[in-house]
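Chains, contacts and geometry: an overview
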Amino acid sequence: MKTALILNGPNLNLLGTREPAVYGTHTLADVQALCETACASHGFALDFRQSNHEGELVEWLHEAGRMHAAGQLAGVILNAGAYTHTSVALHDAIKGTGVPLIELHISNVHAREPFRHHSFISPAAKAVMAGFGVQGYALAVAGLAGL
Ligand code: DQA
């Protein structure tokens, strides 16, 4: 059974109380439970993580690259939070490992402030999803199964 690695970046630990009009009222634990169900139905083992630290996300992408090379990983679903709009390091980590990755956003970043319209992740991602709320995580798992 291959693993789906779902990585969440800064401030996503605040889901549930963080700007509920934008991100909804589900907590990150709720999102993890939703991902467990989606992964079970697609035959993936789930590895679900969150970090507020850019370097830790980079290290996890390196780990993902090694797992993918060993045939153990289906791919990565990454909600990089605000690092989406700032991080050349995450871009380089995705490119450098060659790991198949879906960029995910809960909100429709293109309908928000102009600084959210640019992504350093998108040019290195296989697919991009935004605006489906937390249900987007389950849709991304289905997408990963089809990649
Ligand atoms: C986000 C959108 C980003 O612009 C923001 O910085 C986040 C969350 C989303 O899921 O909609 O932290 O990635």
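A quick note: this is a predicted structure, and the numbers were derived from the prediction, not measured. (Residues numbered from 1 in each chain as written. Predicted model: local features only at pLDDT ≥ 70, side-chain atom pairs only at ≥ 80, totals over all residues. Heavy atoms only, no water.)

**Observations concerning the pattern of salt bridges**
- Under the defined criterion, the tally for this structure stands at four salt bridges.
- The salt bridge involving Asp47 is made with Arg49; its shortest N-O contact spans 2.8 Å.
- With a closest N to O distance of 2.7 Å, Glu113 and Arg116 form a salt bridge.
- For Glu113, a relative accessible area of 32% corresponds to the partly exposed category.
- Overall, the relative accessible area of 15% leaves Arg116 in the buried class.
- Several salt bridges share partner residues, and in doing so they unite Asp47, Arg49 and Glu63 into one network. (Salt bridge = Lys/Arg side-chain N within 4 Å of Asp/Glu carboxyl O. Buried < 20%, exposed > 50% of the residue type's maximum accessible area, 1.4 Å probe, protein only.)

Note that every value here comes from positions in space, so none of it alone points to a role or purpose.
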